[in-house]
Every structure is written in structure tokens, then in C-alpha cells.
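One letter stands for each residue in the lines below.
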Amino acid sequence: MLKVCLVTPLPPFESGISYYSRYLCLELSRLCETVIVSQKGAHLLFRKQYNVWRRGVLAPLNILLFLRKIRADFIHIQFDYAVYGPPMVSLMVPLMVKIFLRKPLIVTVHEVPPIHAPLRIYEADNLSLKLFVRYRFVRYLLIKITVFILNLADKIIVHNDLMAKQLEKYGVKGEKITVIPHGSKEYGNQRYGACRSRKEFRILYIGFLRPSKGIEYLLLSFKRVLELLCGREKAKLVIIGGKPVNQTTPYVEKIRKFVEALKLSKNVELLGFLGEEEFRKNVLEADVIVLPYVDFFIGSSGVFHSVCISGKPIICTRIPRFYAELDGNECIMVKPRCSLELAEAIYNLLVNSNLREKISKLLINKFAETVWYKVAKEHIAHYYRLIRKEVGK
């Protein structure tokens with residue numbers, strides 16, 4: 001039977017990858033034998049799960065030493081630049097595994113950095129990101145090192161064509177790259193309005209609380225929406241999320257003070273991170289979901305895929321992680337950092353139930369084939385192709 005060893009964080013590690021891996025590994029474990037190598041303190045979700053590393057400079061060594069004890073057909077690493085430590089530490093994980101273990105290696109790349117600054121400097125909330133945003137030579141060096149390490153891997157998985165094209169443009173060998181879409185969370189047969197029981201509009205934000213998510217612009221636009229409603233209808237903004245693992249600035253408190261300064265305390269609810277059932281309940285009770293992110297990293301949004309087939313209309317910004325997978329018909333796209341355009345989009349959806357339902361159906365139709373069990377089957381197919389290739393060498 002196929003045996004796969006996956007190196008990845010798992011909840012409660014506050015990273016999009018940990019939630020991605022939770023759903024992917026759950027489906028993979030039904031299709032093949034899986035061994036999960038995760039961080040210390042991870043929830044025990046799988047029969048063969050070993051929590052052996054902590055985020056930091058020793059993570060690559062701890063992972064390597066443990067993997068030497070594991071027998072598997074190949075190693076599959078879930079990678080981005082902040083998961084295992086700072087960027088250079090995270091890059092050491094696939095490098096050391098390939099050099100010292102010499103086993104077939106698959107790397108799923110969750111984010112591709114652009115050569116231009118992806119953020120404004122004040123939107124960078126940790127030292128590594130500040131250096132990356134401020135200095136072009138830092139971006140250039142990081143990209144060159146990334147390309148060298150990825151070319152050592154036997155297979156590279158990305159979530160969309162834009163990520164694949166950008167990696168090829170940087171110098172990653174095209175024949176190594178495979179596109180497998182990000183998995184999407186299922187909501188059964190429930191559709192728009194199924195759980196709504198209030199006499200108020202409910203606007204939902206989901207994501208980490210950090211400057212790159214555009215929350216200040218959302219709050220400004222929400223204040224404008226309340227003005228446009230003129231008291232005819234009530235509205236509430238619900239914010240789900242909290243501090244990411246690598247944040248070093250007191251941003252959450254800044255958001256609380258901003259809510260108070262705008263006199264929105266009665267209309268804004270900050271819920272923090274939620275469990276599965278509470279998350280699902282809040283999604284199904286929402287009228288509109290808003291993702292006002294402002295970063296220009298090239299990737300795929302895990303938050304978007306957690307709600308795209310929920311039957312809820314989505315407003316998002318014109319940034320790579322959204323326009324790589326959307327053409328603008330299945331959602332409303334607005335300019336990043338433009339609170340007036342965002343307010344207009346929110347208001348138009350709130351007062352037009354037909355438009356809300358139309359967008360919801362278009363989203364379901366587009367992403368129905370990206371549910372997690374189908375994404376897991378695509379992984380299995382590529383695993384077997386890699387095994388056949390290794391046997392043929």
C-alpha cells in the first residue's frame with residue numbers, strides 16, 4: 001500500500017497551511033497510509049501523527065532526525081516562508097531533507113513572492129517581512145535561493161496557473177510543477193439564508209488580524225454602509241480571526257481602538273478564532289462575506305476556499321490570490337485599499353437579494369469540483385506517477 005510521510009503544521013498552529021493540511025490529510029488517510037510529522041502541541045488528529053518540532057532555528061534539524069526513522073515511499077512537505085521559522089529557516093527544511101535523506105521529495109508551495117514589493121512598509125508586521133518589503137535585493141536573493149531548492153525537489157505542487165507561471169519565470173523547471181487546486185470546504189445542501197434568523201444584515205470578515213488583510217479599510221467602508229442604510233436596516237460586521245504565528249506588532253489592540261474611534265462598538269463583533277461548528281454557523285448566518293486583503297503575494301486564499309461553496313456571495317480585492325482563480329463574474333472585485341468602492345459593493349449586495357443569490361450560485365458552480373476528497377484523489381494520482389517514475393529510473 002502507498003505510504004506517504006507529510007511534514008506540516010496542524011491546528012492549533014495559527015497558519016493557513018495548518019488548516020489546509022488538516023482537511024487534506026484527513027482525506028488522504030482514507031486513501032493511503034499516511035504518517036504526519038507535525039509541530040509539538042498539535043491536536044492529535046491522526047493515528048500515525050508525531051509532534052516533533054517547534055517553530056525556530058532547530059526545526060529543520062528536528063524534522064530531519066525524525067524522518068530518518070520513518071519508512072515511506074516519499075516525503076511531502078507543506079511549505080511557506082513562515083511556517084518552520086523565519087524564511088531562511090523554513091527553506092532549510094526541504095533542502096536538508098533532500099540532501100541528507102535522498103528520498104523522493106514533493107513540496108507544496110503555498111505562496112510565491114513577487115519581485116516587486118507586495119505591501120507598503122507600514123503593513124509589514126514582522127522583521128522578515130519588513131526587510132522583504134523594503135529591500136529589492138532581499139527579495140531577489142530569497143527568490144534565487146527558493147528556485148535553487150525547489151529545483152532539487154522531485155515534484156512541486158502549486159494551487160493555480162499563475163503560481164506555476166511565476167515559478168517558471170523565476171527559473172523553476174516547468175516539468176517539475178503540477179497544479180492541484182486548493183481544496184474547498186463543503187456545506188452540504190444548505191444555500192443562501194438557510195440559517196438566518198435575525199432582522200439585521202450580517203457582514204462577515206474571515207482571516208488573520210494583520211495589516212495586509214485591509215481591516216481598517218473594511219471598518220471605514222462599513223461605517224459608510226451604515227450611513228447609506230440610513231437607519232432603515234440594521235447591520236453588523238462580524239470579524240473572525242486573530243493574531244498569526246509570526247506577528248510581532250500589537251495589531252489586534254490597534255483594531256479594537258480603531259473600532260472605538262469610529263464609534264462602531266455596537267455594530268462590530270470580534271470573535272477571534274472559532275471551532276468548526278461555530279465557524280460554520282457564522283458563515284451560514286452571513287449575508288455577505290468580505291475579504292479586503294491588500295497584499296500582492298501570489299498564491300491561493302485558504303479563507304476564500306473555506307467559504308466559496310457555502311452559498312454566500314463574496315466581495316474580494318483585485319490581488320493575485322483572487323484574480324488567479326476568479327474572472328470577476330463569480331464575485332464582486334474591488335480595488336485594494338479603496339474603502340469607498342468597497343462600501344458601494346457591500347451596500348449593493350445587501351439591498352439586492354437577487355444579486356446575492358446569483359453570485360452565490362456562480363461560485364458554487366465554479367468551485368464544486370475542488371472539494372477536499374477530489375483534491376486528495378488528485379494528490380494520490382500524482383503520488384503514483386512519481387512512484388512509477390522512480391521505479392523506472
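The following refers to the structure shown. Every value quoted in this text rests on a predicted model; they were computed, and no experiment measured them. (Residues numbered from 1 in each chain as written. Predicted model: local features only at pLDDT ≥ 70, side-chain atom pairs only at ≥ 80, totals over all residues. Heavy atoms only, no water.)

**So, the environment of Tyr-373**
Turning to step 1, where the next piece is worked out: Secondary-structure assignment places Tyr-373 in helix 14 (residues 372–391).
Turning to step 2, where the next piece is worked out: Distance from Tyr-373 to Leu-26, taken between C-alpha atoms, is 8.9 Å for residues 347 residues apart in sequence.
Turning to step 3, where the next piece is worked out: If we ignore the near neighbours within four places in the chain, the residues touching Tyr-373 are Glu-27 and Glu-186. (Helix = DSSP H or I, 4+ residues; strand = E, 2+ residues; numbered from the N terminus. Contact = heavy atoms within 4.5 Å.)

**Digging into unusual backbone geometry**
Turning to step 1, where the next piece is worked out: Here the residue pair Pro-11 and Pro-12 is connected by a cis peptide bond, since its omega of 15° sits within 30 degrees of zero.
Turning to step 2, where the next piece is worked out: Of note, Pro-12 is situated in the loop between strand 1 (3–7) and helix 1 (16–28).
Turning to step 3, where the next piece is worked out: Positive phi values are uncommon outside glycine, yet Arg-102 reaches one of about 55°.
Turning to step 4, where the next piece is worked out: Backbone geometry places Arg-337, a non-glycine residue, at a positive phi of 65°.
Turning to step 5, where the next piece is worked out: Residue placement: Arg-337 occurs in the loop between strand 15 (332–334) and helix 12 (339–350).

**Re the pattern of salt bridges**
Turning to step 1, where the next piece is worked out: Considering all chains together, one arrives at 19 salt bridges under this definition.
Turning to step 2, where the next piece is worked out: Between Lys-254 and Glu-216 there is a salt bridge, and its shortest N-O distance comes to 3.8 Å. Pair noted here: Lys-254 is in helix 8 (residues 251–261) and Glu-216 is in helix 7 (residues 215–229), with a separation of 38 residues, a long-range link.
Turning to step 3, where the next piece is worked out: Residue classification places Lys-254 among the partly exposed positions, given a relative accessible area of 49%.
Turning to step 4, where the next piece is worked out: Under the relative-accessibility criterion, Glu-216 is labelled buried at 17%.
Turning to step 5, where the next piece is worked out: Through salt bridges with shared partners, one network takes in Lys-3, Glu-33 and Lys-48. (Salt bridge = Lys/Arg side-chain N within 4 Å of Asp/Glu carboxyl O. Buried < 20%, exposed > 50% of the residue type's maximum accessible area, 1.4 Å probe, protein only.)

**A word on the nonpolar core**
Turning to step 1, where the next piece is worked out: Core analysis: the biggest nonpolar cluster contains 59 residues, and Leu-219, Leu-291, Phe-304, Ile-315, Phe-322, Leu-326 and Ile-346 have the highest contact counts within it.
Turning to step 2, where the next piece is worked out: Of all the elements, helix 12 adds the most residues to this core, at seven residues.
Turning to step 3, where the next piece is worked out: What Phe-304 contacts, discounting residues up to four positions off in sequence, is Leu-291, Ile-314, Phe-322, Leu-326, Leu-363 and Phe-367.
Turning to step 4, where the next piece is worked out: By size, the runner-up hydrophobic cluster in this structure holds 53 residues, among which are Leu-95, Val-97, Ile-156 and Val-294. (Core = buried A, V, L, I, M, F, W, Y, C linked by side-chain atoms within 4.5 Å.)

**Side note on a nonpolar patch on the surface**
Turning to step 1, where the next piece is worked out: Taken together, the side chains of Val-57, Leu-58, Leu-61 and Leu-65 make up a nonpolar region of the molecular surface, amounting to roughly 390 Å² of accessible area.
Turning to step 2, where the next piece is worked out: Its place among the elements puts Leu-65 in helix 2 (residues 59–67).
Turning to step 3, where the next piece is worked out: In this structure Leu-65 comes out as partly exposed when scored by relative accessible area, which is 43%. (Patch = residues over 30% accessible without salt bridge, like charges linked within 9 Å, V, L, I, M, F, W, Y side chains within 5 Å. Areas by Shrake-Rupley, 256 points an atom, 1.4 Å probe, with all protein chains shown as cover.)

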